Amino acid sequence: NEWIPSCPTHLKPVVGIKFDTLQQGISFYENYAIVSGFDTRLYSTKKRKSDGKISPKYCVCNKEGFRETPRLQSNYKKKRPITRMGCNARITLKLINDQDNYIIYSFHEGHTHPLTTPNSAHHTKQSRNLTLAHKKYIMDNSRANIGATKSYRLMKEHVDGYQNMTASVTDFKNFQRDIRKHIRGKDAQMLIENFKRKQEMCSSFFFKYEVDDKQRLIRIFWANAIGRKNYASFGDVVYFNSTFSMNEYYMVFAPFTGVDNSKSCVTFAAALLYREDTESFVWLLKRSGMQCQPVILPV
């Protein structure tokens, strides 16, 4: 048994339809797939020996064929879901002799799998679209330590439901992954420049850092105006703890904290250390005790 898509007649491929370019033919089949409820992919590109032009070109359902059984490996962590189901739906685009036009040479309409329902058709790969507004929303949330999954849920509330989302949570995760990949190797410099801008805006913001012989950041200490004011008011007893877990850069987070008059925890300053050794602690305690003096802010 095969599933036949239901779509308007003018969108359905018919053998003999002519296109000015190959891309027009591919786009025509992709639009048909979006309306019909399935995804497509390009398959088996061949070029003519006479002039090197592509002919024929196959556009198939993304569930075409069967996936080969992967070899067992010791570092194999996650099983990929099986998406190939031997579907035969496809069109063949062929170049007309002595012309630059393409025609639909053959068309197989039936699918060997159920098609996506109209209510969930916008979740297909070709229907999804990560807009500029989505990208800015992800970047703004990442500055507030909000991850991709939570950003997706918040965006869903803004647009009143998943049915109005034009992108998936995987698209959000992939974009955030691409951002991290882009800034990798420059993130330490971005942190220093960010602290310099804070210092220009507020003279009470204090920070010191140190790099190794390879210009890699190995330790950094910072304290903002509020933290220094808290230290001036409640700095009789300072609690220093460097037993926090390491982050993805293998640097230890070491905060300086205390207790205010309401018996609430307040933060005076913080540091990131690459090593928990004597040299790092001596450097840190000198910066925190000798150079970062308390500040009195006007009320």
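Residues numbered from 1 in each chain as written. Predicted model: local features only at pLDDT ≥ 70, side-chain atom pairs only at ≥ 80, totals over all residues. Heavy atoms only, no water.

## Section: the overall build of the protein
Broken down by element type, the protein carries seven helices and 10 strands. Within the protein, the fraction of its 299 residues that count as buried is 34%. Residue pairs at least 24 apart in sequence account for 53% of intrachain contacts in the protein once pairs closer than 6 positions are excluded. (Helix = DSSP H or I, 4+ residues; strand = E, 2+ residues; numbered from the N terminus. Buried < 20%, exposed > 50% of the residue type's maximum accessible area, 1.4 Å probe, protein only. Contact = heavy atoms within 4.5 Å.)

## Here's the deal with helix α3 (residues 148–158)
Along α3, the positions that sit buried rather than exposed are Ala-148, Ser-151, Tyr-152, Met-155 and Lys-156. Projected onto a plane normal to the axis of α3, the buried residues spread over an arc of 145° and lie on a single side. Turned more than 90 degrees away from the buried face of α3, the exposed residues are Lys-150, Arg-153 and Glu-157. For α3, the secondary structure elements touched by its buried residues are α2 (132–143) and α4 (169–183). Immediately downstream of α3, the backbone of Asp-160 shows phi near 65°, a positive value. (Arc of directions from axis to C-beta.)

## So, unusual backbone geometry
With the exception of glycine, most residues fall at negative phi, and the peptide bonds are largely trans. With an omega of 0°, the peptide bond running from Ser-55 to Pro-56 counts as cis. Of note, Asp-160 is a non-glycine position whose phi angle comes to about 65°, a positive value. Relative to the assigned elements, Asp-160 resides in the loop between α3 and α4. For Asp-160, a relative accessible area of 60% corresponds to the exposed category. Even without being a glycine, Lys-263 presents a positive backbone phi close to 60°. By secondary structure assignment, the location of Lys-263 is in the loop between β9 (252–259) and β10 (265–273).

## Quick look at the packing of aromatic side chains
A complete count under the given rule lists 17 aromatic pairs for this structure. Judged by centre distance (5.8 Å) and plane angle (75°), the rings of Tyr-32 and Phe-38 are edge-to-face. Phe-38 shares its class with Tyr-32; the two are buried. Taking the centre distance of 6.0 Å and the plane angle of 80° together, the rings of Tyr-32 and Phe-107 count as edge-to-face. Note that Tyr-32 is positioned in helix α1 (residues 22–36) and Phe-107 in strand β5 (residues 102–108), a separation of 75 residues in sequence. Chaining the aromatic ring pairs together yields one cluster made of Phe-195, Phe-205, Phe-207, Tyr-209 and Trp-222. Here the basic side chain of Lys-94 rests over the ring of Tyr-105, its NZ or CZ set 4.3 Å away from the ring centre. (Phe/Tyr/Trp six-rings, centres within 6.5 Å; stacked < 30°, edge-to-face > 60°. Lys NZ or Arg CZ within 6 Å of the ring centre and 35° of its normal.)

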